[in-house]
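Listed below are the residues making up each chain.
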Amino acid sequence: MSEDAKSEIVVSVKGFAKTFYVGFFRKKVEAVRGVDFEVRRGEIFGLLGPNGAGKTTTIKTLLRLIFPTAGEVRLFGHLEPGPEAMKRVGYMPENPYVYQYLRPMEFLDLCARLSGMRAEDREAKCMRMVERVGLTHALDRPIGRFSKGMTQRIGLAQALLHEPELLVLDEPMSGLDPIGRKEIRDLIVEERKKGCTILFTSHILSDVERLCDRVAILQRGKVT
């Protein structure tokens, strides 16, 4: 493969398997078994499958939150991506963890500081992001009082805040009403138009059909 072709592959997963040992008796659970797929620069890629298929396990391994039992998972061509590579990634988990007592601008300012954003840029960028995800009406409300859909929106806002090259979204439209789902779909398309590569998981076929250039379907830990 040429260097140009390699640079176009943002995520490469080859022969990936992950086994957990759970409980007192160390019961063996094969969460993922021999998965292969690639995500190319500038595309929207869907990782589709029912609950328990191995989607989140794959995402967490890509982000180095857990590690593979077998195979390899590469990010921007790196088998072991360092801090510089990880700065290029935005991530929203299925159930975003947020500090319950913080208000939206306070939470986003914290995320901006952790990502190394300059002090003079933080307030304006945080406000623009609050406006993009439709939370201006809740600026004075602690996040702990947000609905499920509003929490999803603030989770997406922190993932987009530092303008990542790769956006990884785990069930991004979970808990949203039809209007909210459309707004999130529009945001994903808008990010792709800016050149962002998007990998998202879902078990909702209609969302995948509307958004994705390509998909991989997981069933019981395997691509089918």
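Refer to the structure above for everything that follows.
Everything numeric here is computed off the predicted structure, so don't read it as measured data.

(A) A look at the sheet that holds strand 2 (residues 27–40). If you walk across this open sheet you meet the 3 strands as 2-1-4, and the pairing is antiparallel. Each of the sheet's edge strands pairs with one partner strand only, and the pair in question is strand 2 and strand 4 (70–75). Geometrically, the sheet is characterised by an average inter-axis angle of 25 degrees between neighbouring strands, direction not taken into account. Direction of pairing for strand 1 (residues 9–22) relative to strand 2: antiparallel, over a ladder of 10 bridges. Bridging across to strand 2, T19 finds its partner in E30. Running at roughly 115 degrees to strand 1, helix 2 (residues 55–62) makes contact with strand 1, strand 2 and strand 4 of the sheet.

(B) Geometry of the environment of Q219. When you line up the elements, Q219 lands in strand 8 (residues 214–219). Between the C-alpha atoms of Q219 and G52, which are 167 residues apart in sequence, the distance is 8.4 Å. Once you skip the residues sitting within four places of it in the chain, Q219 turns out to touch P50, A53 and T224.

(C) How the structure looks around the packing of aromatic side chains. Per the stated rule, a full pass over the model turns up 4 aromatic pairs. On the basis of an interplanar angle of 90 degrees and a centroid distance of 5.2 Å, the ring pair of F24 and F25 is categorised as edge-to-face. A single burial state applies to F24 and to F25, both of which are exposed. Ring geometry for Y99 and Y101: centres 6.2 Å apart, planes at 55 degrees, overall tilted. Of the aromatic side chains, those joined through ring pairs into one cluster are Y97, Y99 and Y101. The ring of F20 carries the charged tip of K18 above its face, separated from the ring centre by 5.2 Å. Directly above the ring of F76 sits R88, whose terminal nitrogen or CZ lies 3.8 Å from the centroid.

(D) Main features of the sheet that holds strand 8. Read from one edge to the other, the open sheet built from 6 strands follows the order 5-6-7-3-8-9, with strand pairing classed as mixed. Each edge of the sheet is formed by a strand with only one pairing partner; in this case those strands are strand 5 (89–92) and strand 9 (222–223). Across the sheet, helix 2 is in contact with strand 3 (44–48), strand 5, strand 6 (166–170), strand 7 (197–202) and strand 8; its angle to strand 7 comes to roughly 150 degrees.

(E) Structural view of the layout of surface pockets. What the largest pocket holds in volume is close to 640 Å³. Taken together, 24 residues make up the lining of the largest pocket; nearest its centre are V89, Y91, C111, Q158 and H162. Those elements that provide at least two residues to the lining of the largest pocket are strand 5, helix 4 (104–114) and helix 6 (148–160). Sort the elements by how many residues they give to the lining of the largest pocket and helix 4 lands first, with 4 residues. Its residues placed into classes, the lining of the largest pocket shows 15 nonpolar, 5 polar and 4 charged.

Conventions we followed
- Here the residue index of a chain counts from 1 through its sequence in written order.
- Reporting in this predicted model follows two pLDDT cut-offs: at least 70 for local features of residues, and 80 or more for side-chain atom pairs to be given and counted; totals over whole chains, interfaces and linings ignore these cut-offs and use all residues.
- Values reported for side chains reflect all heavy atoms of the structure, with hydrogen atoms and water molecules removed beforehand.
- Note: two strands are recorded as paired if DSSP finds a minimum of 2 bridges between them.
- The helix count covers DSSP runs of H or I at least four residues long, the strand count covers runs of E at least two residues long, and both are numbered beginning at the N terminus.
- Angular values range over 0 to 180 degrees, each being the angle between N-to-C directions of two axes fitted as lines to C-alpha atoms, with helices fitted over their stretch in contact.
- The contact criterion used is simple: two residues touch if any of their non-hydrogen atoms lie within 4.5 Å.
- The rule is short: rings of Phe, Tyr and Trp, with Trp giving its six-membered ring, pair when the centres are within 6.5 Å, and they are stacked under 30 degrees, edge-to-face over 60, tilted in between.
- Each residue is assigned to one of three classes by its accessible area relative to the maximum for its type, calculated with a 1.4 Å probe on protein chains only: buried under 20%, partly exposed between the two thresholds, exposed over 50%.
- Sitting over a ring, as applied to charges here, requires NZ of Lys or CZ of Arg to be within 6 Å of the ring centre and within 35 degrees of the ring normal.
- Put simply, the grid is 1 Å and covers the protein atoms alone, a cavity is a trapped set of points that fit a 1.4 Å probe, a pocket is an open set with protein on both sides within 12 Å along at least five of seven lines, and lining residues have an atom within 4 Å of a point.
- Grid points are joined across faces, edges and corners, and a volume is the space filled by probe spheres set on the points.
- Gly falls in the polar group here, along with every residue not listed as nonpolar (Ala, Val, Leu, Ile, Met, Phe, Trp, Tyr, Cys, Pro) or charged (Asp, Glu, Lys, Arg).

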